[in-house]
Amino acid sequence: MNDTLLLILVVTIFILAIFVGLEVIAKVPATLHTPLMSATNAIHGVIVVGGFLILARAEALPMYIIGTLAVLFGTLNVVGGYVVTDRMLEMFKTKKRSITK
Amino acid sequence: MNLLAQAAPAGQGLLNWADFGYLIGAVCFILALKLMNSPITARKGNWISAVGMVIALGVTFIYPTLTGDPLILGLKPLNMALMLGAFFVGIVGGAWPGRKIAMTNMPQMVALLNGLGGGSVALVSLYEFVDASNRGETPPAVQAIATVLSVIIGTMSFSGSLIAFGKLQELLPGRPFLFKGQKAVNAIIALAIVVLAVVILVGGQGANVLLFSILIVCAFALGILGVIPIGGADMPVVISLLNSFTGVSAGFAGFVLMNTALLIGGGLVGASGLILTLLMCTAMNRTLANVLFAGVGVVVASSGPSAFAGRTPKSYSPEDVGILLANAEKVVIVPGYGMAVAQAQHQVKEMADKLASMGIDVKYAVHPVAGRMPGHMNVLLAEADVPYEQLYELEDINPLFPETDVVLVLGANDVVNPAARYDKSSPIYGMPILDVDKAKTVVVSKRGMGVGFAGVDNELFVYDNTVMCFGSAKATVQKVTQALEKY
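Residues numbered from 1 in each chain as written. Chains lettered and ligands numbered in written order. Predicted model: local features only at pLDDT ≥ 70, side-chain atom pairs only at ≥ 80, totals over all residues. Heavy atoms only, no water.

Asker: Can you lay out the interface of chain A and chain B for me, pointing to particular residues and giving the numbers?
Answerer: Interface extent is often summarised as the accessible area lost during association of the parts. In this assembly, 85 residues from chain A lie in contact with 114 residues from chain B. For the pairing of chain A and chain B, the buried interface totals around 9,100 Å² over both sides, and the portion due to carbon and sulfur atoms is 76%. Counting the contacts that link chain A with chain B gives six salt bridges. Between D131(B) and R57(A) there is a salt bridge, with its nearest N and O atoms 3.0 Å apart. Counting across the chain A and chain B interface gives 21 residue pairs in polar contact (both at pLDDT 80 or more). Contributions of two or more residues to the side of chain A that touches chain B are made by helix 1 (3-25), helix 2 (33-43), helix 3 (48-56) and helix 4 (61-100) of chain A. Per element, the largest residue contribution to the side of chain A that touches chain B is 35 residues, and it comes from helix 4 of chain A. Classifying every residue of the side of chain A that touches chain B by side-chain character gives 54 nonpolar, 21 polar and 10 charged. (Contact = heavy atoms within 4.5 Å. Buried area = accessible area lost by both parts, 1.4 Å probe. Salt bridge = Lys/Arg side-chain N within 4 Å of Asp/Glu carboxyl O. Polar contact = N/O pair within 3.5 Å; in protein donor to acceptor, adjacent residues only side chain to side chain. Helix = DSSP H or I, 4+ residues; strand = E, 2+ residues; numbered from the N terminus. Nonpolar A, V, L, I, M, F, W, Y, C, P; charged D, E, K, R; others polar.)

This is the structure we're talking about:
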């Protein structure tokens, strides 16, 4: 595949992802704003993938440091993000049970 | 010349089996966001998102390297050890505080996590820049631009989120921090960033690592300076915006690494984060520009006396409030920021239970932006086991106020300020408010006569049907409950 085609492909993926992101949130109730922010917060922690890729080819001390920190920060973002979101949403579950009571 | 080989020295390019895994991960993310539009399916959605994340991280180990072998086979022991070490420290370091932290402190936790994500993006891009520079290579234009953009946005998100965290954690003063010429300083730094970015990009071959470092320092400073003039009450909007920033920067990092997981994950969050930010602004009847640049929350001294027009508020003791409540039939509790800060939700539930046991009808009125973030109050009350059916949203409770005997406002201010209905000069004019003043009696529990976040006085406090009960929400509610024990 040549450069131009690859570039078009990459830009296409990015733009489509943006449009999906815009569409999927449109009608969310205010109650869910905070959990949703937290949930999307966890998703951008996917940068850990980038951290893995760079750390895998690090060869000098500064690069090891940068790569290790990138993986560490990204992992904190991912794991903390999911745990926090789950705790918030757990609360909604309690509510649901009290409705059925 | 193949862009793949040029751009990704380790042979990391598009279209391999790992990308198929990323596609599955991306579908999980999208599905998750969709499920999160309803409280009933939201939790499941978050789990699906987590599964997608595990898949995306997992398949990265079969990502092809320069030799064409999966990444995991070519991994040197030291790199492997650092990777797994950082990963496991991150898991423990993220999960433990995530489980322990009090519900009331959630917003600052989200801010901190977002900052770390932004920092991670900036580090990945920094690595790519230094790496290319070491090899004396000039990456193709798209990647060079993406590197510069992701490092700028990621760094701003990092420093800005730390300031937001500091403000919410009360390590820094929550009030807007303004100084003379602030906007000029910000403009100069922003200009410096643009100039540096252009110089670095045009410089091309052997692009200067020193200049790149200065760029990072400038972006760091702009992140700080951009957030300090914004008041504590607007921090949720700021965090949401910075969340979107981190997403966008992660998407740009996807261009740098030619990685579909980052492209899709980043693009999704960048867009949905922005929409969420605008929704939050709408709930407060503010524009995003107003939140970011107006410095709302600065005390406007001159507006003070006029709102009160020489009237003084009546002050009741918690015991008096107890008597008032005991003689009421219908009570509405309006929890606000003050209750959230005092972490009084359990005491409030106790008091409400006591009232209910006395045959008094108790409802909660939850303003869309009550608490520290939209929806935060619902989470806090749910934590205290307040039954869902007692929570009323703005449009459902407002018609019920005229037939309410006592409204108990706990640490809320701007959301019950009647001036929002008619005073066009008020900064909060037009914001939907709870019409508590239409009730027979309004009890306002507050620490003092201080203004709310919008920095405006609240004439409700001197209304004939209003009484004030000074003290922290927690102490007041406890004393009221004790007073009720006599009945």
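Asker: Tell me about helix 3 of chain A, and please be specific about residues and values.
Answerer: Think of an α-helix as turning once every 3.6 residues; residues three or four places apart then point the same way. By the criterion of burial, helix 3 of chain A is predominantly enclosed, with nine of the nine residues buried. Residues of helix 3 of chain A that are buried: V48(A), V49(A), G50(A), G51(A), F52(A), L53(A), I54(A), L55(A) and A56(A). (Buried < 20%, exposed > 50% of the residue type's maximum accessible area, 1.4 Å probe, protein only.)

Asker: Quick rundown of empty space enclosed by the protein? Include the residues and the values.
Answerer: Tallied over the entire structure, the rule returns four cavities of 30 Å³ or more. Of the voids in this model, the second largest cavity is the one considered here, and its volume is about 70 Å³. Along the walls of the second largest cavity sit A30(A), T31(A), V366(B), H367(B), P368(B), G375(B), N378(B) and E393(B), which together make up its complete lining. Looking at the lining of the second largest cavity residue by residue, the classes come out as three nonpolar, four polar and one charged. (1 Å grid on protein atoms, 1.4 Å probe; cavity = no way out; pocket = protein on both sides within 12 Å on 5 of 7 lines; lining within 4 Å. Points joined across faces, edges and corners; volume = space filled by probe spheres on them.)

Asker: Can you explain the environment of V51(B)? Please cite residues and give values.
Answerer: You can see V51(B) is positioned in helix 3 (residues 42-59). Taking the relative accessible area as the measure of exposure, V51(B) reaches 44% and is therefore partly exposed.

Asker: Before we move on, can you summarise the packing of aromatic side chains with the specific residues and values?
Answerer: With the rule as written, the count across this model stands at 11 aromatic pairs over all chains. Measuring from ring centre to ring centre gives 5.1 Å for F14(A) and F255(B), while their planes differ by 75°; the resulting arrangement is edge-to-face. Placement of F14(A) in helix 1 and of F255(B) in helix 9 (residues 235-257) is noted, with the two residues assigned to different chains. Exposure class is identical for F14(A) and F255(B). Each is buried. (Phe/Tyr/Trp six-rings, centres within 6.5 Å; stacked < 30°, edge-to-face > 60°.)

Asker: An account of the nonpolar core is needed here, citing residue identities and associated values.
Answerer: In terms of nonpolar packing, the biggest core is built from 186 residues, with L325(B), V334(B) and V436(B) touching the most fellow members. Excluding its chain neighbours within four sequence positions, the residues that come into contact with V334(B) are A365(B), V407(B), L408(B), V409(B), L410(B), A412(B), V416(B), L434(B) and V436(B). (Core = buried A, V, L, I, M, F, W, Y, C linked by side-chain atoms within 4.5 Å.)

Asker: Got a sec to walk through the pairing of strand 3 (residues 361-366) of chain B? Specific residues and values, please.
Answerer: Residues and elements named next belong to chain B. With respect to burial, strand 3 is a largely interior element, five of its six residues being buried. Sheet topology places strand 2 (residues 330-335) next to strand 3; four bridges connect them, and they run parallel. Each residue of the ladder has a partner; that of V331, found in strand 3, is V362. Note that strand 3 and strand 4 (residues 391-393) share three bridges and pair parallel. Its bridge partner being in strand 4, A365 is matched across the sheet by Y392. (Pairing = 2+ DSSP bridges.)

Asker: If you had to explain the layout of surface pockets to someone new, which residues and values would you point to?
Answerer: All names here are of chain B. By volume, the second largest pocket amounts to about 450 Å³. Around the second largest pocket sit 20 residues that line it, and N186, G226, V227, L292 and F293 are the ones nearest its centre. For the lining of the second largest pocket, a count of residues per class yields 13 nonpolar, six polar and one charged.

Asker: Outline the pattern of salt bridges, supporting the account with residue identities and numerical values.
Answerer: Enumeration according to the criterion identifies 14 salt bridges over all chains in this entry. The residue K363(B) makes a salt bridge to D361(B) at a minimum N-O spacing of 2.7 Å. What makes K363(B) buried here is its relative accessible area of 14%. One salt-bridge network, in which partners are shared between bridges, spans R57(A), E128(B), D131(B) and R135(B).

Asker: Describe in detail the sheet that holds strand 7 (residues 466-470) of chain B, supporting the description with residues and values.
Answerer: All names here are of chain B. Strand order in this open sheet of seven strands is 1-7-6-5-2-3-4, and the pairing throughout is parallel. Each edge of the open sheet carries a strand with a single partner, namely strand 1 (314-315) and strand 4. Sitting on the sheet, helix 13 (residues 318-326) touches strand 2, strand 5 (406-410), strand 6 (441-446) and strand 7, and the angle it makes with strand 5 is about 140°. (Axes fitted to C-alpha atoms, helices over the stretch in contact; angles between N-to-C directions.)

Asker: Tell me what's going on with the packing of helix 7 (residues 182-203) of chain B against helix 8 (residues 209-227) of chain B, and back it up with residues and numbers.
Answerer: Residue and element names in this part refer to chain B. The geometry of helix 7 relative to helix 8 is characterised by a closest axis approach of 9 Å and an angle of 150° between their N-to-C directions. Here helix 7 is positioned roughly antiparallel relative to helix 8, judged by the angle of their axes. Taken as a pair, helix 7 and helix 8 cross one another with a handedness that is left-handed. Counted together, Q182, V185, N186, I189, A190, A192, I193, L196, A197, V199 and I200 of helix 7 and L211, F212, I214, L215, C218, A219, A221, L222 and L225 of helix 8 form the full contact between these two elements. A breakdown of the residues in the contact of helix 7 with helix 8 according to their chemical character gives 18 nonpolar, two polar and no charged. (Parallel < 35°, antiparallel > 145°, perpendicular 65-115°, else oblique. Left-handed = near helix turned anticlockwise from the far one by under 90°.)

Asker: Hey, could you go over the pairing of strand 2 of chain B for me, with residue numbers and the actual values?
Answerer: Residues and elements named next belong to chain B. Counting buried residues in strand 2 gives five out of six residues, a clear majority hidden from the surface. One ladder, built from five bridges, connects strand 2 with strand 5; its direction is parallel. Residue pairing across strands places P335 opposite L410, the latter belonging to strand 5.

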